[in-house]
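# Observations on chain architecture
Residues per chain, in single letters:
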Amino acid sequence: MDLGIKGKRALVLGASRGLGAGMARALAAEGCNLFLAARTAERLDERARELSREYGVTVENRPLDLGDLDSVEACARAAGGSGGVDILINTTGGPPPSGALGVTPALWLQQFQSMVLGVIRLTDLLVPAMRERRWGRVVTVTSSGVIQPIPVLAVSNTLRASIVTFMKTLSTEVAADGVTVNVMAPGRIWTERTDEIDAANAKRSGASQEQVRRQSMATIPVGRYGTVEEFAAVACFLASAQASYVTGQVMRVDGGMIRSV
Ligand SMILES: NC(=O)c1ccc[n+]([C@@H]2O[C@H](COP(=O)([O-])OP(=O)(O)OC[C@H]3O[C@@H](n4cnc5c(N)ncnc54)[C@H](OP(=O)(O)O)[C@@H]3O)[C@@H](O)[C@H]2O)c1
């Protein structure tokens, strides 16, 4: 299916690896011109070379630290200034594992800045031009933890929930202007971060990483982790022309892992 977004300009955060890199690739395959952002310039350069070579699209990079508002505003100016952004894909890093108690105020603040405030600021700076053009897509990656809190990820559960309610509020404000705003809730998609989390759990429990992974997969009705490509395909649909009547949603991509309806 032609998703109707050839030539659209997409800014993809977290594009240096994992879900962000996968979504950038899928958008490039649809013919979108890209603006890639993350902190690690070398990885972004690598991604940009691959995507422009394989898909013939324009790819620009912008090193971005979401925890630094100056960096966020510079990114918005650079992407918004050169032709505007039609599709904004918000992806952040994830916080360190913890329970609800014992997290220092400094860590709460630091994570709030990079996981919430940076995303809100960037969205705030880029959405007005989408409204003026009467077309825009905002897709924000959160986690299954916003629906079913994950026991060892209290900071993620808490802060990402506020992103969901921000995006839902925004969706109603801009819906009549042709701008859709949706959130994605990945369950367990196989990325470097998933491996890192399994390795940390293995270390804590004394089991092997393979045992931890098997136990984790056994909790998912589909019986395996999702692939980055499966996740990116859903993101691309939300960014598509066809998804014009889908807004304010939390889209689960979890192989059935979240048990509630
Ligand atoms: N994979 C899953 O199954 C899953 C499930 C639930 C939730 N999530 C969440 O979804 C997000 C993406 O998942 P993932 O597996 O792709 O994670 P990942 O491999 O850790 O990728 C995170 C991306 O965010 C960038 N990033 C981190 N901190 C940043 C900052 N301060 N400023 C700008 N960019 C920053 C990273 O690049 P740099 O380090 O170069 O900045 C990287 O590109 C994460 O927040 C993760 O917790 C993932």
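Anyway, here's the lowdown on the structure attached to this text. (Residues numbered from 1 in each chain as written. Predicted model: local features only at pLDDT ≥ 70, side-chain atom pairs only at ≥ 80, totals over all residues. Heavy atoms only, no water.)

Applying the stated criterion across every chain yields a total of one aromatic pair. With centroids separated by 5.5 Å and ring planes inclined at 80 degrees, the aromatic side chains of W190 and Y225 adopt a geometry described as edge-to-face. Within this pair, whereas W190 is found in the loop between β6 (179-186) and α6 (192-205), its partner Y225 is found in the loop between α7 (209-218) and α8 (228-239), the two being separated by 35 residues in sequence. Y225 gets classed as buried once you look at its relative accessible area, which sits at 3%. Between the NZ or CZ atom of K8 and the centre of the ring of W135, over which it lies, the distance is 4.1 Å. (Phe/Tyr/Trp six-rings, centres within 6.5 Å; stacked < 30°, edge-to-face > 60°. Helix = DSSP H or I, 4+ residues; strand = E, 2+ residues; numbered from the N terminus. Buried < 20%, exposed > 50% of the residue type's maximum accessible area, 1.4 Å probe, protein only. Lys NZ or Arg CZ within 6 Å of the ring centre and 35° of its normal.)

Under the defined criterion, the tally for this structure stands at 17 salt bridges. Residue R25 is joined to E54 by a salt bridge in which the shortest nitrogen-to-oxygen separation is 2.6 Å. Remark: E54 occurs in helix α2 (residues 41-55) and R25 occurs in helix α1 (residues 18-29); sequence separation between them is 29 residues. Looking at E54, the relative accessible area reads 40%, which means it is partly exposed. Measuring nitrogen to oxygen at the nearest pair gives 2.8 Å for the salt bridge that ties R121 to E73. One end of the pair, R121, is in helix α4 (residues 105-133); the other, E73, is in helix α3 (residues 69-81), and 48 residues separate them in sequence. Taken together, the shared-partner salt bridges in this structure form one network comprising R25, E46, R47, E50 and E54. (Salt bridge = Lys/Arg side-chain N within 4 Å of Asp/Glu carboxyl O.)

Among the nonpolar cores identified, the biggest contains 35 residues, and V12, M23, L27, L34, L36, I87 and F231 are the most heavily contacted of them. Broken down by secondary-structure element, the contributors of at least two residues to this core are β1 (9-13), α1, β2 (33-38), α2, β4 (87-90), β5 (136-141) and α8. At seven residues, the largest contribution of residues to this core is made by α8. Excluding residues that lie within four positions of it along the chain, L34 makes contacts with A10, V12, A24, L27, A28, L51, T58, V59 and E60. (Core = buried A, V, L, I, M, F, W, Y, C linked by side-chain atoms within 4.5 Å. Contact = heavy atoms within 4.5 Å.)

What follows is about the sheet that holds strand β7 (residues 250-253). Sheet architecture is open: seven strands sit in the order β3-β2-β1-β4-β5-β6-β7, paired in parallel fashion. Both edges of this open sheet fall to β3 (59-63) and β7, since each of them pairs with a single strand only. Between one strand and the next, the sheet's axes are offset by a mean angle of 15 degrees, whatever the strand orientation. Sheet topology note: the β1/β4 ladder contains three bridges and is parallel. Looking across to β4, one finds that L11 is bridged to L88. Where helix α5 (residues 154-174) meets the sheet, it contacts β4, β5, β6 and β7, and its direction lies at approximately 160 degrees from that of β6. (Pairing = 2+ DSSP bridges. Axes fitted to C-alpha atoms, helices over the stretch in contact; angles between N-to-C directions.)

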